[in-house]
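Residue-level structure breakdown
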Amino acid sequence: MDFKEKCMEGDGVTKYIRASSNKERSKAFRERKKKFLEDKVKEVESLRKEVETLREENSELKIKLQKLKAYNLRKVEPDINSEAKCGSKSNSNSTTTLQEHEDYLYNTIAKKLQNNPDEVRFSTIEQAHEPVYDWSDERVQFIKKLFKDIIDNLLGLQSKCYHSAIKEFPINKLIKMQKNKKRQKKYFDKAQEPKTPKDLNIQIQLSDKVLEMINNSSKFFNTYIKQTRKIAQTLIIQRNKLLNLYQDYKLSIEKSGYLSWYTKTDFINSFKLVDYLQHTKFVQPHFLYNIPAKTHSNLKYEQGELTE
């Protein structure tokens, strides 16, 4: 058999080998395609989780940024005139900030936790809780600001100036000194600028009608001054009691490790409780603190009652 015949006999083998190679290549291509699709699905799932994580971290950073801004604002001593003009606005902003933190925790985080607990990290829940605790820095600063505003506004500016002028100068002495013009001139040079409220009392000259009115109402004026001073001192004492109570509660919670016992299921149940009660009368002062409501039409309040 010559070489040509041998080649002719080899055509079937060549075709078989070629067909087998095509089949193997097709199979390899399908396997590569399947692996490519599986890798892409895994990559998409990984990217989805990464996006969700970045969103949570972004929310956490927003909270931290708000806390940092609040801290920096507290470090800056406000201008007295600006504070007087913008006091109510500042209180409103403080209230809004606390409400935003609560809304984020009890709505955004709560819904995420109920829909997909596995995708919400404990650190996210804990960081969202920090600004809304009873003892949080945000709440403590808000309470301090509220009490300061109440103290500052117990009296009008003119009343505060009168109180200051007679604080160390009894009314009967003021009347006596005002009536004795020679003594007034002896004890104070009218060309000199007053340095204390007492100096000012000696310098000013009240009319006889005003002196008569002061003399007739001196008992009430003295009582009014003493009572407002006592109320201011009582408010500060109660404020300090509240702030100390916050601190004691915080230390007790941290010592017991109470918060570390919470599971995600416990947080979900807590959020359900808040969702059910937050807009009901059961979280209002009258129910919580046993405060009677003011139901009569008298201008004066009875002891301990509060208008609805």
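See the structure above.
Below is a summary of the structure that appears in this document. (Residues numbered from 1 in each chain as written. Predicted model: local features only at pLDDT ≥ 70, side-chain atom pairs only at ≥ 80, totals over all residues. Heavy atoms only, no water.)

What follows concerns the packing of helix α4 (residues 122-129) against helix α12 (residues 264-277). Viewed as axis vectors pointing N to C, α4 and α12 meet at an angle of 40°, and their least axial separation amounts to 11 Å. The orientation of α4 relative to α12 falls into the category oblique. Crossing geometry of α4 relative to α12 is assigned as left-handed. Residue-level contacts link Phe122, Ile125 and His129 of α4 to Lys264, Phe267 and Phe271 of α12. Looking at the contact of α4 with α12, its residues break down into 4 nonpolar, 1 polar and 1 charged. (Axes fitted to C-alpha atoms, helices over the stretch in contact; angles between N-to-C directions. Helix = DSSP H or I, 4+ residues; strand = E, 2+ residues; numbered from the N terminus. Parallel < 35°, antiparallel > 145°, perpendicular 65-115°, else oblique. Left-handed = near helix turned anticlockwise from the far one by under 90°. Contact = heavy atoms within 4.5 Å. Nonpolar A, V, L, I, M, F, W, Y, C, P; charged D, E, K, R; others polar.)

Before going further, it helps to spend a moment on the nonpolar core. Where a protein is soluble and globular, its nonpolar side chains tend to be buried together. Membership of the largest hydrophobic core is limited to 12 residues, which are Tyr104, Leu105, Ile109, Ala110, Leu113, Val120, Ile125, Ala128, Val132, Phe267, Ile268 and Phe271. Those elements that provide at least two residues to this core are α3 (80-115), α4 and α12. With 5 residues, α3 is the largest single contributor of residues to this core. For valine 132, the residues in contact, after removing those within four places along its chain, are His101, Glu102, Leu105, Tyr106 and Arg139. Ile171, Ile175, Ile214 and Ile225 belong to the second-largest nonpolar core, a separate cluster that totals 9 residues. (Core = buried A, V, L, I, M, F, W, Y, C linked by side-chain atoms within 4.5 Å. Buried < 20%, exposed > 50% of the residue type's maximum accessible area, 1.4 Å probe, protein only.)

All right, on to the packing of aromatic side chains then. One pass over the structure, following the stated rule, counts 9 aromatic pairs. Considering the side-chain rings of tryptophan 135 and tyrosine 249, the 5.3 Å spacing of their centres and the 85° angle between planes classify their relative orientation as edge-to-face. Taken together, the positions of tryptophan 135 in the loop between α4 and α5 (137-152) and tyrosine 249 in helix α11 (residues 218-256) put the pair 114 residues apart, joining distant regions of the chain. Arranged with centres 4.9 Å apart and planes meeting at 50°, the rings of tyrosine 262 and phenylalanine 267 form a pair that is tilted. (Phe/Tyr/Trp six-rings, centres within 6.5 Å; stacked < 30°, edge-to-face > 60°.)

The phi angle at asparagine 290 is positive, at roughly 55°, despite the residue not being glycine. Examined against the element boundaries, asparagine 290 turns out to sit in the segment after α13 (285-288). Accessibility expressed as a relative area gives 68% for asparagine 290, which makes it exposed.

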